[in-house]
Amino acid sequence: MAQIYWTYNELLEEVHRRAQSVEVLGHTVDGSPIVAARGGGSKLPAVFITAGSHSTEQAGVSAAVSCIEELETEHQVYVIPTRDPVGMQGFAHVLSLGLGERPEADDFDQVESLLRDQGEVLFEEDDLLLSLIGEYGYASARPAPERACAQYFFYQRLQRLAKEHPDALEPLRGRRVWMTPGQTGVAGTGDLGRAYTLIISLDGEILHINRFHDTPWSPIEPRATRDLMARIDPGISFDLHESQLMEDRYFLSARRQPDATNEEWEQKAASAVIQAISDSGATLARDEDVSALGNWFDTSEPGVCWLDAGRRGEGYNLADFASQTYGLAFGTEMGMYGTFDGRVNLAMITVRTAVEVFSQRHA
Ligand SMILES: [Zn+2]
């Protein structure tokens, strides 16, 4: 059984148990250390594995923790198991940062009372309650069938709000805004078990933690990741994500490489991964699953989708940046309505298989 980490302390204890060494890369807004753990052997180039920039996608986080010890390779392995230690600790935890003490926040009624009574309500409509408490923004959005993906709903809703009611977002410039996940039925997340983090820049741009990889200003989480990558110069990087939009189906998110040799190995690794995923009995994503995420993917074969950051806009995410700067880079997208164990397993198969191909290249 794959472990689900509900607190950062539990996760850190497990990381320390499994790692050869653990280093602190920085501290985020609740004081939590952002850590990198060492596994693997001593060979270069290094393998880099990370997850959890979207705190609602916890199977990737559990898989990353497992990889510290269970990924068998001669190459050096560096793992940042979660890039959002604050959001992973849930909605009551993030509320404690604005309130100064941890409240009871076990259901939407309690959360919304707190947002109304303890905060300054900035916007309220049927689908969204947005409030400022202390230094932070909080949004409550109850689960609803038309919000098939809670985090896209939040992202797009705030972007629409910025256009239609810019005044509502003015007080949130330069701040973090946390949303209730409302992911009923998703093991490891649920309605309030995590908090989805957005950051609104001083210019009013609304972004999440898997951005800011190519910008002069960046929050501490991507800055810590960028610093580590600059130091270890990874030959292959993995960012383990999940999607709420495709039941239990899976796709691999690959990246075009700046040179022909890397491109060839990216393709080889991608084909091997998708073969291994199919062999495991998992179902691959359909074209409509991928197009529901955006029009910035090209599919080379079923289950292998190449993300074009230029078409998407919003700058580089971690895998975009890694592919342009360091080498091979992959993201996973596991369907979040699979079992937690199954989702973790798909992430592990991805990393193991791609690292095997990577090892052949550097044999
Ligand atoms: Zn994600």
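Residues numbered from 1 in each chain as written. Predicted model: local features only at pLDDT ≥ 70, side-chain atom pairs only at ≥ 80, totals over all residues.

## Describing the overall build of the protein
- Secondary structure assignment for the protein yields 12 helices and 15 strands.
- In terms of overall size, the protein behaves like a compact globule, its C-alpha atoms giving a radius of gyration of 19 Å where 363 residues would be expected to give roughly 21 Å.
- Projected onto its principal axes, the C-alpha coordinates of the protein cover approximately 60 × 40 × 40 Å.
- Here the protein holds 363 residues, and 53% of them are scored as buried.
- Contacts in the protein between residues at least 24 apart in sequence constitute 70% of all its contacts with a sequence separation of at least 6. (Helix = DSSP H or I, 4+ residues; strand = E, 2+ residues; numbered from the N terminus. Rg over C-alpha atoms; globule rule 2.2 N^0.38 Å. Buried ≥ 20, exposed ≤ 12 C-beta atoms within 10 Å, placed from the backbone. Contact = placed C-beta atoms within 7 Å.)

## Considerations on unusual backbone geometry
- Cis geometry is found at the peptide bond from Leu44 to Pro45, where omega equals -5°.
- Counting through the fold element by element, Pro45 comes out in strand S3 (residues 43–51).
- Positive phi values are uncommon outside glycine, yet Phe212 reaches one of about 60°.
- Relative to the helices and strands, Phe212 resides in the loop between strand S10 (206–208) and helix H7 (220–232).
- Phi is positive for Glu247, which is not a glycine, with a value near 45°.
- Assignment of secondary structure puts Glu247 in the loop between strand S11 (236–243) and strand S12 (250–254).

## Re the sheet that holds strand S14 (residues 304–307)
- As summarised here, the arrangement of the 9 strands in space is S1-S2-S4-S3-S11-S15-S12-S14-S13, forming an open sheet in which the pairing is mixed. Both outer strands of the open sheet, strand S1 (21–27) and strand S13 (297–301), are each paired with one neighbouring strand and no more. Taken over all neighbouring pairs, the strand axes of this sheet differ in orientation by 25° on average, direction set aside.
- Note: S12 against S14, 3 bridges, orientation parallel. By the bridge assignment, Leu252 is partnered in S14 with Val304.
- Across the sheet, H7 lies against S1, strand S2 (33–40), S3 and strand S4 (75–80), angled at about 135° from S1, the strand it touches most.
- On top of the sheet, helix H12 (residues 340–361) reaches S3, S4, S11, S12 and strand S15 (328–335); it is set at about 160° to S15, its chief contact. (Pairing = 2+ DSSP bridges. Axes fitted to C-alpha atoms, helices over the stretch in contact; angles between N-to-C directions.)

## What about H7?
- Between the first and last C-alpha of H7 there are 18 Å, a value that for 13 residues agrees with the 18 Å anticipated at 1.5 Å per step.
- Three or more residues of H7 are buried, namely Glu221, Pro222, Ala224, Thr225, Leu228, Met229 and Ile232. Buried residues of H7, seen end-on, are gathered within an arc of 155° and therefore sit on one face of the element. In H7, the exposed residues that point more than 90 degrees away from the buried face are Ala230 and Arg231.
- Of the surrounding elements, those touching the buried residues of H7 are S1, S2, S3, S4 and helix H11 (318–325).
- After H7 finishes, the residue Asp233 shows a positive phi value of roughly 50°. (Expected span 1.5 Å × (residues − 1). Arc of directions from axis to C-beta.)

## Brief notes about the domain arrangement of the protein
- Partitioning the protein into domains gives domain 1 (8–84 + 214–361) and domain 2 (90–208).
- Taking only C-alpha atoms, the centre of domain 1 and the centre of domain 2 are 26 Å apart.
- For the side of domain 1 that touches domain 2, the per-class residue count stands at 7 nonpolar, 6 polar and 3 charged. (Domains from an automatic or database assignment. Nonpolar A, V, L, I, M, F, W, Y, C, P; charged D, E, K, R; others polar.)

## Regarding the sheet that holds strand S9 (residues 196–200)
- With mixed pairing, 6 strands are arranged side by side in an open sheet as S5-S6-S7-S8-S9-S10. Every interior strand has two partners, whereas the edge strands, strand S5 (120–125) and S10, have only one. Neighbour to neighbour, the strand axes of the sheet diverge by 25° on average, direction disregarded.
- Of the strand pairs in this sheet, S9 and S10 are connected by 3 bridges, and their pairing is antiparallel. Bridging from a neighbouring strand, Ile199 pairs with Leu207 of S10.
- Sitting on the sheet, helix H3 (residues 91–99) is in contact with strand S6 (128–133), strand S7 (136–140) and strand S8 (176–179), with an inclination near 140° to S7.
- Strands in contact with helix H4 (residues 108–117) are S5, S6 and S7; relative to S7, the strand with the most contacts, it is inclined by about 140°.

## A few points about the pairing of S11
- Counting buried residues along S11, 8 of its 8 residues qualify, which places the element largely inside the surrounding structure.
- Covered by surrounding structure in S11 are Ile236, Phe238, Leu240 and Glu242 together with Ser237, Asp239, His241 and Ser243, the residues of both alternating faces.
- Bridge count between S3 and S11: 5 bridges; the pairing is parallel. Looking at the pairing, Ile49 lines up with Phe238 of S11.
- Bridge analysis of S11 against S15 gives 8 bridges, and the strand direction is parallel. Along S15, the bridge assignment pairs Ser237 with Ala329.

## Quick word on the pairing of S12
- Judged by how many residues are buried, S12 sits mostly within the fold: 5 of 5 residues are covered.
- Burial along S12 is two-sided: Tyr250, Leu252 and Ala254 and Phe251 and Ser253, pointing in opposite directions, are all buried.
- With 5 bridges connecting them, S12 and S15 associate as antiparallel partners. Looking across to S15, one finds that Ala254 is bridged to Phe330.

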